Amino acid sequence: MARRRFDHSRAVIALGGVMAIVALADLALGFPMATRFALRASDLTEAWATLQHTPGAPEAWRSIGTLWSYAFVHAGVEHIGFNLLYFWFFGSLLYEVAGDRWVLGGFLFTTATAGLAFVLRHHDVGRATVLGASGSVSGLAGLYVLLAFRWSAMPHASAWPLARPIPPIQAALFALIGAATDVYMLSEGDGVARDAHLGGFAGGLFLGMLLTTFLPTWEQFLRSKLGPSRLLGRR
């Protein structure tokens, strides 16, 4: 698959740009959006219960929407900075292999699985709240890991800040070390939503397993209708 050296993912740039703009606006205004659009476990469980008997309840649907909106709000400069760095890295690696539609679809799907993992673990813990894109980033990393182990013909991983291209398995091992750290730290109570990270990672693995079950080789994927595509047109 031919590509230009500086042919970057539009999905990564667009999603990262939204996160950065929201973070800057929130910082200037005193974080009102972080408060409103974060995912609160108890609110989501209450919203689900409400929708069982009142399907049109607008406030309940707003709470359901936080299952995705929480990924775009952050708690400060350091939080958004690290998330954007890792999002650029794993999003760009996934783009090189699968294209923009899988970056965008993977982001949306694993944002939800990360949020649900947090809710399942904290639904009875007062006002437990999660915000930030780290669960989504873990999801893209999980998807890349699965593809790297199942598709042997994948190109070498090449994305900033790598000094040179590296074998996909090496990039996958980096992601696996991160997941292993989340497992180890899960019971430590360090204030990081490790359960959301792992929920996103598991969602990425599931998505990758589903994809490679139907398309066992990278060459088959490239020739299929599910193959690489930009948000606007094919590359």
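Residues numbered from 1 in each chain as written. Predicted model: local features only at pLDDT ≥ 70, side-chain atom pairs only at ≥ 80, totals over all residues. Heavy atoms only, no water.

Along the backbone of the protein there are ten helices and two strands. Taken from the N to the C terminus, the helices and strands of the protein come in the order α-α-β-α-α-α-α-β-α-α-α-α. Taken over C-alpha atoms, the radius of gyration comes to 18 Å for the protein, in line with the 18 Å a tight globule of 235 residues would show. Taking the principal axes of its C-alpha atoms as reference, the protein extends roughly 50 × 40 × 40 Å. (Helix = DSSP H or I, 4+ residues; strand = E, 2+ residues; numbered from the N terminus. Rg over C-alpha atoms; globule rule 2.2 N^0.38 Å.)

Another aspect to go through is the side chain of Ser63. Examined against the element boundaries, Ser63 turns out to sit in helix α4 (residues 58–69). Ser63 sits in the buried class, given a relative accessible area of 8%. (Buried < 20%, exposed > 50% of the residue type's maximum accessible area, 1.4 Å probe, protein only.)

A separate point is the layout of surface pockets. Looking at the largest pocket, its volume works out to about 880 Å³. Lining the largest pocket are 39 residues, with Ser134, Asp182, Val192, Arg194 and His197 positioned closest to its centre. Looking at the lining of the largest pocket, the elements with two or more residues in it are α5 (77–98), α6 (100–122), β2 (129–130), α7 (134–150), α8 (168–185) and α9 (194–214). For the lining of the largest pocket, the leading source of residues is α8, giving eight residues. Here the residues of the lining of the largest pocket are counted per class, giving 20 nonpolar, 13 polar and six charged. (1 Å grid on protein atoms, 1.4 Å probe; cavity = no way out; pocket = protein on both sides within 12 Å on 5 of 7 lines; lining within 4 Å. Points joined across faces, edges and corners; volume = space filled by probe spheres on them. Nonpolar A, V, L, I, M, F, W, Y, C, P; charged D, E, K, R; others polar.)

We now examine the packing of α5 against α6. Between α5 and α6, whose axes approach to 7 Å, the crossing angle comes to 135°. With respect to their mutual orientation, α5 and α6 come out oblique. You can see that α5 and α6 cross each other, and the crossing is right-handed. Of α6, the residues touching α5 (which contributes Phe87, Gly91, Leu94, Tyr95 and Ala98) are Asp100, Trp102, Val103 and Phe107. Residues that form the contact of α5 with α6 fall into these classes: seven nonpolar, one polar and one charged. (Axes fitted to C-alpha atoms, helices over the stretch in contact; angles between N-to-C directions. Parallel < 35°, antiparallel > 145°, perpendicular 65-115°, else oblique. Left-handed = near helix turned anticlockwise from the far one by under 90°. Contact = heavy atoms within 4.5 Å.)

Those residues of helix α3 (residues 41–53) lying buried are Ala41, Ser42, Asp43, Leu44, Ala47 and Leu51. Considering only its buried residues, α3 is in contact with β1 (39–40), α4 and α6.

Turning our eyes to something else, we now look at the pattern of salt bridges. Inspection of every chain in the model, using the stated rule, returns six salt bridges. One salt bridge in this structure joins Arg127 and Asp43, with 3.7 Å as the shortest N-O distance. Placement of the pair is Arg127 in the loop between α6 and β2 and Asp43 in helix α3, with a sequence separation of 84 residues. Residue Arg127 is classed as exposed on the basis of its relative accessible area of 56%. Judged by relative accessible area, Asp43 falls into the buried class, the value being 18%. In this structure, Asp190 engages Arg194 in a salt bridge whose closest nitrogen and oxygen atoms are separated by 2.6 Å. Here Asp190 falls in the partly exposed class, since its relative accessible area comes to 32%. Beyond isolated ion pairs, a larger network of salt bridges with shared partners links Arg40, Asp43 and Arg127. (Salt bridge = Lys/Arg side-chain N within 4 Å of Asp/Glu carboxyl O.)

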